[in-house]
Amino acid sequence: MAVKTSAMMDKVRASRVWRSVFRAGTGDSTLHRALAIQQSIFLHLFSTKVRKRMVKFSATWYLGTLTFGTFLILVITGVLLMLYYHPSVPQAYADMKDLQFVVSSGLFLRNLHRWSAQLMVFLVFAHMFKVFYRGAYRTPREFNWVVGVVLLVITLLLSYTGYLLPWDQLAFWAITVGSNLSSAVPLVGNKIHFLLLGGNQVNANALLRFYVLHCVVLPLAAMLFIAIHFWRIRKDGGLYVQGTEPKPQQNNETVNTAAEVK
Amino acid sequence: MHPIRRYLSSAWQALFGDAVRAFGVVSAVLLLALAIAPAKNQFAQWHQYQRRYLSLIHDRGDAVTLRRRFQPGIHQTWLPELGVVDRCTTCHLGLNEAGLGDVSQQPFRKHPAIPHSLDGFGCVICHGGQGPATTVAEAHHSERAGEEPILPARYIESGCGQCHQNALPGTPQLNLGRAMLTRYGCVRCHAITRPDGTRVMATDHPPSLVHIADKTTREWIYSWLKDPQAYAESTTMPNYKLSDADARDLSAYLMSSSTPREGDTALAATKAGSSADLAAGPSLYGQSFCASCHAVQNAAGNLVGGDVGPELTRIGNKAKPEWLAAWLANPRVYDATTLMPHYRFTAQQVATLTTFLQAKSDSDYGTGVHLDAPIPAQVAHGKRLIVELGCAACHEINGVQKPENFAPDLSTIGSKPLAQIVFLPGMEVSLPSYIVAKIRQPRAFGASVKMPQFALTAPQADALTTALLSLTNRSRSMPDTLRVAATVETNYQPAGHAGKLINELACFSCHRINGRGGDMAPDLTWEGSSVQRQWLIDFLRNPNTLRPSLIRRMPRFNLSDSENKELTEYILAVYQSPAVDADAVPDPSHSPDVVEHGKQLFYSKYACQSCHIANDKTDKGYIGPTLTQVGSRLTAAWIYSWLKNPQALRPGTTEPNQNMSDEDARALAAFLMSLKGQGAHGAKL
C-alpha cells in the first residue's frame, strides 16, 4: 500500500502539469531535495539543509514556530471577523454583539482570535527568554535579535490596537488611559496623542485609525519582519543549538559570516 | 521504572509514536475542537425554548394557527432610528398571540394590553435588559460590561416617562414621582434638564427667612431644625440630623440675620384692640375654606385638609400672635409671593381667627429647649453651616447667596453606569436599588453625604425612583417626533389694577389661566365667554359649587363692590375665547316650540340627564355640573359652541362630542337658556 502510494506520487510529480507549477523535479537525490526548498518562494527563506539536532524539540522548544502558528490563526480568524465588523460608532459594538449572539460560531471565532492573541504575546516572550538565556542572540545573530525586538513591539501594538475594536466600556477606557500615556512625552506628547487618536479623545476617528493599524498596517509590517527574521536564520547559520556552535571569534578578528556558513 | 511513568510512556508511544500516527491524532483532536462550535449552536438555549413552545402549543385547540404563525430561528425587532435590536421574541414567543391569554408560564406569556404596538418600540426601551442577547443570563442580568439589566416590574412606568414628559392617566406612579421631584424641593438642589432642554422647575414655596424673627421664636426654630416632622408630620422639610450644637448655632444665625418688617408690627398694633369672638372661630375657619389648602390633624391622628399651604396642627407653638394677626390681615406684607389669598377680613375676624389658630398648639412641644444668648462664634458657625448644608437653595436667608448647582445634576441619572456607583455591602447591585436606598437613607452612604433625611413612605420612594429612572440617555437621543412635551407653566401675568387684584386674591393658587396656575379649581382662560355678568358678580360675592359631587371650596374674599365690579369687568373683557362667536348665536328669546324641541333632544336623543341635572326632582346625573340654573349662568353663545365641540373649548373634558347639527345645538341651547332656576339670580344664595 505504502509502496503503491509513493509510486503514484512519483508519477504525479513527474507529470507535465506538476513540473510546470513546481519547477524542481522529483528524485531522491540531495540535489532534488535542495532544489525543492530553494525554488519555492515560501521555503527558500529557509536553509536548504538542516541538521537533525537543530529540529529536535529540546533545541528550541519550537517556541518561534508556535508563535508563527498563532500568528497564522490570528490572520485567518481576523479576516473572518472582518466580514462581520464595521469600524464605525456605534455599529462596532452592535456587530460584536451580533458575533456573540447570532453569527454561527461567531463566539468561537472571537474567542479563538482573543485567546490566540493572548497566547501569541506569551509565546513571543517565552521565545525571547529562551533565546536570551541560551545565548542565541550572540554573534552572528545580533541583528536577528534586533528584528525580534521589532516583532515584539509590533505584537504588542497589534494587541493594543485590537483592544479598542469591540468598542465597549472596557475598550474605551483602556485606550483612553493608554493613549494618555503618550501625552507624557516631553514637547511633542500632545501631538503624538492627537495623531494616534485623530482627535483629542477616543472617538470615531480613533476607532477607524486603530482598525486600519490593526488590520492593515501592523499585520503587513509583521509579515515583512517575520520574513526577514526567517531569512536571517538561514543567513546566520541556521537554528542555534547550544554547545554545537563554532568557538566565538577573537576580538581582533573581523567577522566573516559568509565564510562561516559555507 | 515507576508504573505510572511506564503507563504514560506507553500511552505517548501509542498516540505520537511515529510521525503518521502523531499527525492522525492531532488531526482528530482538531476536528473534535472544530465540531464543538457548531454543536454549541445547535444546543443553544433559544433552541430549547422554541422546542418547549412547540410542545406547549401541540395539544391546544388552536395549535394549527399557532404553529403556522411560529417561525423557527432567531427573531428580532430592528428599529434603526431608535437604536433597537431586540431579540427577546426569539424565546418570548407568545407576546403577540391573543390566543395564549390563559398561559402563565414564562417565556410564553401574552403581553398585557398597552397603547403601543410591540413591534413599534421593541422591548428594551421600557423593560431594560440587553436586547441583542440570545441567552437568558446575558439578556436579563448582564451588567459587567456596562449593559443595562432588566428593570424590576414595579418601576416599569419609567419607560413611559422617557418619551412622555407630560402626565399620563395610565402612569400614576410616574406622575406622583415627578410631582414629588418638584414639590419636595429635589430640583432646587439637583438640576434636572428635560430632553428638550427645559429645566424642571420647583413648584413648592419654601418660606423666606429674612424676617423670621417676626414670625417665631429661636426655641421653635431649634426644635424644628432638630426634627421637622415632630412639629408637622406632613411637612416636606427634610431632617438634617443636626447635633444640638449645630441646631443651636443655626437658629442663632437665623435670628440674628433677620430684619424686622415694618408693616407687621404696625398692623398688629392696630388690630390688637379688637376683641375675639371665641365661638365664631371654627365657623370662620370653615367658611373661609382654609382647609382647602391647610391640613390639621384630627383627634384620630388623620390629616384633614389640603396640602397647598403648611399644616396647622401646632401653629400655636410656632407663630407669634401679633405676626399671625398681621399675616391674616394681609399675607402679602410679609411675603409678596405667597400662595395665600388676601382675604378682606374685618379686624374682629382677624382677632377671632388668630385666637382660634393660636389655640392649635401642643403643650408638650418644644419643652426642655433652653437656649442661652448666642456668642459671635456660634453665629458665625451657624452661617458656615447654612452655606455647607445649602439651606439657601430653598430659603431666602439674609447674608447667604443662593448656591448654584449645589448637588449633582440628575438629568441622565437613569443611565448612570453601575461602574460609577459605590454600593453598600449587602446591597443589590442594580441602579433602582441604589436610587431607592439613596432616597430613603442618604446618610447611610457615608458621613460626608450632605443630602438630608426625607420623610418618605415606601410607595413615595418608589414613585421618585420611577421618575428618576425615566431620565435616561435614550430619552435624549430619541427622535424629536416621538417626544411628548411637558406642559410647562407659563409666566402669564394679568395686567393693570385688576391684575393686581387677581394676584392679591392668589387666584393662580387654585385656578389655571392661560397656562399658569393650579389645578384645584376650573380653568378660567375662557371664563369671559362662558358666563353672564350678573352671575359672576353674585358668585364672587358669595361663591357656591356647581357640581353636586364636589365639596364647595371657593372661599369668600369679602370683596368691596368696586373690587367685585372691576374683577368681573376684567374677566368678561379679557378672558374671551376666539372659538365662541357671539353672532352665531340664536336669539335668547325663543318660541316655546323650539324650547320644547330642545327639551326632547335633551332627554331622549342625547340623554343628557345621565350626567346632568336639569330638573332636580327627576334627574339623577351626578357627573357633570347641575344645569337647573344654567340659563342665568352661561351665555347662549358659549352653550352653543360647547355643544358643537366641547374639546375645542376645554381639551380633555369628559363631555362627549356628539357631532351635533346646527339645528339641534340651537334647540338645545334654547332649552338650556330657559332653565333660569327658581326665581331671580338671588335664589342661589
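Computed from a predicted structure; not experimentally measured.

Digging into the overall build of chain A
Working step 1: Each helix and strand in chain A was counted, giving 12 helices and 0 strands.
Working step 2: Counted from the first residue to the last, chain A has its helices and strands arranged as α-α-α-α-α-α-α-α-α-α-α-α.
Working step 3: Taking 18 Å as the expected radius of gyration for a compact globule of 262 residues, we find that chain A reaches 23 Å, considerably beyond that expectation.
Working step 4: The C-alpha extent of chain A, read off along each of the three principal axes, is 60 × 60 × 30 Å.
Working step 5: Sorting the 262 residues of chain A into buried and exposed places 21% on the buried side.
Working step 6: Once local pairs closer than 6 in sequence are excluded, the contacts in chain A between residues at least 24 apart make up 64%.

A few points about the overall build of chain B
Working step 1: Along its length, chain B carries 33 helices and 6 strands.
Working step 2: Over its C-alpha atoms chain B spans a radius of gyration of 34 Å, topping by over 25% the 26 Å that the globule rule assigns to 685 residues.
Working step 3: Structurally, chain B occupies a C-alpha span of about 120 × 85 × 45 Å along its principal axes.
Working step 4: In chain B, which comprises 685 residues, the share counted as buried stands at 32%.
Working step 5: At a minimum sequence separation of 6, the contacts of chain B that also span at least 24 residues come to 66%.

Considering the environment of Val-429 of chain B
Residue and element names in this part refer to chain B.
Working step 1: Here Val-429 is to be found in the loop between helix H21 (376–389) and helix H22 (431–440).
Working step 2: Residue classification places Val-429 among the exposed positions, given that 11 C-beta atoms sit within 10 Å.
Working step 3: Taking the C-alpha atoms as reference points, Val-429 and Ile-36, separated by 393 residues in sequence, lie 34 Å from one another.
Working step 4: Leave out the neighbours within four places in its chain, and Val-429 touches Leu-418 and Phe-423.

Looking at the interface of chain A and chain B
Working step 1: Between chain A and chain B, the contact holds 11 residues from the first and 11 residues from the second.
Working step 2: Among the secondary structure elements, those contributing two or more residues to the side of chain A that touches chain B are helix H6 (91–101) and helix H9 (169–182) of chain A.
Working step 3: The element that contributes the greatest number of residues to the side of chain A that touches chain B is H6 of chain A, accounting for 4 residues.

Thoughts on the environment of Gly-170 of chain B
All names here are of chain B.
Working step 1: Residue placement: Gly-170 occurs in the loop between helix H8 (157–163) and helix H9 (172–183).
Working step 2: Since 11 C-beta atoms lie within 10 Å of it, Gly-170 is described here as exposed.
Working step 3: Along the backbone, Gly-170 and Leu-572 are 402 residues apart, and their C-alpha atoms lie at a distance of 37 Å.

Focus: the packing of helix H12 (residues 218–226) of chain B against helix H14 (residues 244–257) of chain B
Residues and elements named next belong to chain B.
Working step 1: For the pair H12 and H14, interaxial distance at closest approach is 9 Å and the crossing angle is 135°. Judged by the inter-axis angle, H12 sits oblique to H14. For H12 against H14, the interelement crossing comes out right-handed. In this structure, H12 uses Arg-218, Ile-221, Tyr-222, Leu-225 and Lys-226 to contact H14, whose residues at the interface are Ala-247, Arg-248, Leu-250, Ser-251, Leu-254 and Met-255.
Working step 2: Looking at the contact of H12 with H14 residue by residue, the class counts come to 7 nonpolar, 1 polar and 3 charged.

Digging into the nonpolar core
Residue and element names in this part refer to chain B.
Working step 1: One finds Ile-639, Tyr-640, Leu-643, Leu-668, Ala-669 and Leu-672 to be the most contacted residues of the largest nonpolar core, which totals 28 residues.
Working step 2: Mapped by element, the contributors of at least two residues to this core are helix H28 (561–574), helix H29 (592–605), helix H31 (636–644) and helix H33 (662–673).
Working step 3: Sort the elements by how many residues they give to this core and H33 lands first, with 8 residues.
Working step 4: A domain-level breakdown of this core finds at least three residues from each of domain 4 (496–574) and domain 5 (592–673).
Working step 5: Discounting residues that sit within four places of it in the chain, Leu-643 has contacts with Met-660, Ala-665, Leu-668 and Ala-669.
Working step 6: Core analysis: the second largest hydrophobic core is formed by 27 residues, Val-200, Leu-410, Leu-431 and Phe-454 among them.

Some words on H22 of chain B
Working step 1: Leu-431, Pro-432, Tyr-434, Ile-435, Val-436 and Ile-439 of chain B are the residues of H22 of chain B that are buried.
Working step 2: Against helix H23 (458–469) of chain B lie the buried residues of H22 of chain B.

So, the confidence of the model for chain B
Residues and elements named next belong to chain B.
Working step 1: Put simply, chain B has an average pLDDT of 86, and 94% of its residues get 70 or more.
Working step 2: For chain B, per-element mean pLDDT is lowest for helix H15 (residues 262–271), which scores 56, and highest for H23, which scores 95.
Working step 3: Every residue in residues 679–685 scores below 50 in pLDDT, and together they form 10 contacts with partners more than four places removed in sequence or on other chains.
Working step 4: Confidence estimates for the predicted assembly give a pTM of 0.81 and an ipTM of 0.73.

Observations regarding the domain arrangement of chain B
Residue and element names in this part refer to chain B.
Working step 1: Domains assigned within chain B are domain 1 (3–41), domain 2 (45–150), domain 3 (161–203 + 407–482), domain 4 (496–574) and domain 5 (592–673).
Working step 2: Here the C-alpha centroids of domain 2 and domain 3 sit 29 Å apart.
Working step 3: Each partner contributes to the interface: domain 2 provides 6 residues, whereas domain 3 provides 7 residues.
Working step 4: Considering only residue class, the side of domain 2 that touches domain 3 consists of 3 nonpolar, 1 polar and 2 charged.

Comments concerning the packing of H14 of chain B against H21 of chain B
Residue and element names in this part refer to chain B.
Working step 1: For the pair H14 and H21, the least separation of the axes is 7 Å and the interaxial angle reads 95°. It follows that H14 is roughly perpendicular to H21 by the angle criterion. Contacts from Asp-246, Arg-248, Asp-249, Leu-250, Ala-252, Tyr-253 and Ser-256 in H14 reach Gln-378, Val-379, His-381, Gly-382, Lys-383, Leu-385 and Ile-386 in H21.
Working step 2: Taken together, the residues that form the contact of H14 with H21 break down as 6 nonpolar, 4 polar and 4 charged.

Section: the environment of Ser-158 of chain B
All names here are of chain B.
Working step 1: For Ser-158, the location among the structural elements is in helix H8.
Working step 2: On the basis of neighbour count, Ser-158 is assigned to the buried category, with 26 C-beta atoms found within 10 Å.
Working step 3: Placed 312 residues apart in sequence, Ser-158 and Ser-470 show a C-alpha to C-alpha distance of 4.4 Å.

A few points about unusual backbone geometry
Working step 1: Residue Pro-90 of chain A is reached from Val-89 of chain A by a cis peptide bond, and omega for that bond is -5°.
Working step 2: Structurally, Pro-90 of chain A is set in the loop between helix H5 (63–82) and H6.
Working step 3: In this structure, the amide linkage connecting Thr-139 of chain A to the following residue, Pro-140 of chain A, adopts the cis form with an omega of 5°.
Working step 4: Here Pro-140 of chain A is to be found in the loop between helix H7 (106–134) and helix H8 (142–164).
Working step 5: Of note, the phi angle at Asn-405 of chain B is positive, near 45°, even though the residue is not glycine.
Working step 6: With respect to the element layout, Asn-405 of chain B can be found in the loop between H21 and H22.
Working step 7: Take Asn-405 of chain B: there are 10 C-beta atoms within 10 Å of it, and that puts it in the exposed class.

Rules of the game
- Residues numbered from 1 in each chain as written.
- Chains lettered and ligands numbered in written order.
- Predicted model: local features only at pLDDT ≥ 70, side-chain atom pairs only at ≥ 80, totals over all residues.
- Helix = DSSP H or I, 4+ residues; strand = E, 2+ residues; numbered from the N terminus.
- Rg over C-alpha atoms; globule rule 2.2 N^0.38 Å.
- Buried ≥ 20, exposed ≤ 12 C-beta atoms within 10 Å, placed from the backbone.
- Contact = placed C-beta atoms within 7 Å.
- Axes fitted to C-alpha atoms, helices over the stretch in contact; angles between N-to-C directions.
- Parallel < 35°, antiparallel > 145°, perpendicular 65-115°, else oblique.
- Left-handed = near helix turned anticlockwise from the far one by under 90°.
- Nonpolar A, V, L, I, M, F, W, Y, C, P; charged D, E, K, R; others polar.
- Core = buried A, V, L, I, M, F, W, Y, C linked by C-beta atoms within 7 Å.
- Domains from an automatic or database assignment.
- pLDDT = per-residue confidence, 0-100.

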